[in-house]
Amino acid sequence: MRAMAQFHWDPATYRSLMRSEVPAYDELQDAVAAATKEVNARRVLDLGTGTGETAGRVLAVHDGAFLVGVDESDEMLTMARQALPASRVELLVSRLQDPLPTGPFEVVVSALAVHHLDAPAKAELFGRIYSLLSDGGRFVMGDVVVPENPEDAVTPVDGGYDLPDSVKDQLRWLGDAGFDAAVAWQQGDLAVLVADRRA
Ligand SMILES: C[S@@+](CC[C@H](N)C(=O)[O-])C[C@H]1O[C@@H](n2cnc3c(N)ncnc32)[C@H](O)[C@@H]1O
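Residues numbered from 1 in each chain as written. Predicted model: local features only at pLDDT ≥ 70, side-chain atom pairs only at ≥ 80, totals over all residues.

Some details on the packing of helix H3 (residues 25–36) against helix H4 (residues 53–60)
Closest axis-to-axis distance for the H3/H4 pair is 9 Å, and the angle between their directions is 35°. As for the relative orientation of H3 and H4, their crossing is right-handed in sense. Along the contact surface, H3 presents Gln29, Asp30, Val32, Ala33 and Thr36, while H4 presents Glu53, Thr54, Arg57 and Val58. Of the residues in the contact of H3 with H4, the class split is 3 nonpolar, 3 polar and 3 charged. (Axes fitted to C-alpha atoms, helices over the stretch in contact; angles between N-to-C directions. Helix = DSSP H or I, 4+ residues; strand = E, 2+ residues; numbered from the N terminus. Left-handed = near helix turned anticlockwise from the far one by under 90°. Contact = placed C-beta atoms within 7 Å. Nonpolar A, V, L, I, M, F, W, Y, C, P; charged D, E, K, R; others polar.)

Considering the site of the ligand
In the neighbourhood of the ligand, 17 residues make up the surrounding shell, with Gly48, Gly50, Glu72, Ser73 and Ala111 lying closest. A per-class count over the shell around the ligand returns 6 nonpolar, 7 polar and 4 charged. (Near = placed C-beta within 6 Å.)

Concerning the nonpolar core
Ranked by internal contacts, the top residues of the largest apolar core, which has 57 residues, are Val32, Val44, Val108 and Val192. Ignoring sequence-local partners within four residues, the contact set of valine 108 consists of Leu45, Leu47, Ile129, Leu133 and Phe139. (Core = buried A, V, L, I, M, F, W, Y, C linked by C-beta atoms within 7 Å. Buried ≥ 20, exposed ≤ 12 C-beta atoms within 10 Å, placed from the backbone.)

Re the confidence of the model for the protein
Mean pLDDT over the protein stands at 95; residues scoring 70 or higher make up 96%. Counting contacts from residues 2–6, a segment whose pLDDT is below 50, to residues more than four positions away or on other chains yields 9 contacts. (pLDDT = per-residue confidence, 0-100.)

Describing the environment of leucine 117
Turning to its location among the elements, leucine 117 is positioned in the loop between strand S4 (105–111) and helix H6 (119–132). Discounting chain neighbours no more than four positions away, the residues touching leucine 117 are Leu96, Lys122, Leu125 and Leu163.

Focus: the pairing of strand S6 (residues 180–187)
With 7 bridges joining them, S6 and strand S7 (residues 190–196) adopt antiparallel strand pairing. Each residue of the ladder has a partner; that of glutamine 187, found in S7, is leucine 190. (Pairing = 2+ DSSP bridges.)

Digging into H6
Taking 1.5 Å of rise per residue, 14 residues should cover 20 Å, and H6 covers 21 Å from first to last C-alpha, within 8% of that figure. The set of residues buried in H6 consists of Lys122, Leu125, Phe126 and Ile129. Down the axis of H6, the buried side of the element spans an arc of 105°, and every buried residue falls inside it. Exposed residues lying more than 90 degrees from the buried face of H6 are Pro120 and Ser131. Where the residues of H6 are buried, they touch S4, strand S5 (133–144) and helix H7 (167–177). (Expected span 1.5 Å × (residues − 1). Arc of directions from axis to C-beta.)

Quick notes on the environment of glycine 103
Within the secondary structure, glycine 103 is located in the loop between strand S3 (89–93) and S4. Along the chain, glycine 103 and glycine 48 lie 55 residues apart, while their C-alpha atoms are 17 Å from each other. Here glycine 103 is in contact with Leu132 and Leu133, once residues within four sequence places are set aside.

Things to note about H4
Within the sequence span of H4, burial applies to Glu53, Thr54, Ala55, Val58 and Leu59. Buried residues along H4 sit against H3, strand S1 (43–47), strand S2 (66–71), helix H5 (74–83), S3 and S4.

A short note on the packing of H6 against H7
Where H6 meets H7, the closest approach of the two axes is 8 Å, and the angle between their N-to-C directions is 40°. Between H6 and H7, the angle falls in the class oblique. The two elements H6 and H7 cross, and the hand of that crossing is right-handed. Between H6, through Ala119, Lys122, Ala123, Phe126, Gly127 and Tyr130, and H7, the contact on the second element is made entirely by Asp169, Gln170, Trp173, Leu174, Asp176 and Ala177. A per-class count over the contact of H6 with H7 returns 7 nonpolar, 2 polar and 3 charged. (Parallel < 35°, antiparallel > 145°, perpendicular 65-115°, else oblique.)

A short note on the pairing of S2
For S2, the tally of buried residues reaches 5 of 6 residues, placing the bulk of the element in the interior. Looking at chain direction, S1 and S2 are connected through 5 bridges and run parallel. Note that in S2 the partner of aspartate 46 across the bridge is glycine 69. Read from S1 through H4 to S2, the crossover connection turns out right-handed. For S2 and S3, the ladder comprises 5 bridges, and the chain directions are parallel. Its bridge partner lying in S3, valine 68 is registered against glutamate 90. With respect to chirality, the unit in which S2 leads through H5 into the neighbouring parallel S3 is right-handed. (Right-handed = clockwise from strand over helix to strand, strands pointing away.)

What follows is the structure in structure tokens.
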């Protein structure tokens, strides 16, 4: 994504930029939220909350749930604070490579953020997510991936900041972490992976 080449985000233009560069942006977000529905969530963790687009959708399908959001950008979280119900969220400036908030969580979500980590860091993050999920909990990740067909690689990526991997590799790393993982939705180089921690 072109904005990623700038290595920072402008919260004011983020929404319109994403919708122009990722035409299926809203579908991806809706698919992430829908994939959390069958889990009864009291506590949700959102990794890479940004302006709150993912968090707002997930809260909307989990009445009474409380969401902890993590993002390295205070500017993006300032926008999220304005968009999300203050009584239902705690938003923390932190990196995904740093220790995650204390669990347990029934649901962990992440949209368009994990692809900023390299392959070993993704695999390591999946292990940490597994350990803070409750039994029967679910991790849902919607992100840009390296598609099987190179012609499907349509999302603009910057080689330094955007580090997508294939669905196949990420399913393997999720399995290595202990999850039962599968693809819930895919369109070209965008995919939503669902990873369950067995009850
Ligand atoms: C494309 S935005 C996605 C935001 C939101 N989840 C959405 O789908 O609209 C990526 C977000 O991930 C954050 N981010 C990128 N790398 C990160 C890292 N290593 N640790 C924490 N946040 C990170 C950025 O600051 C940005 O807010």
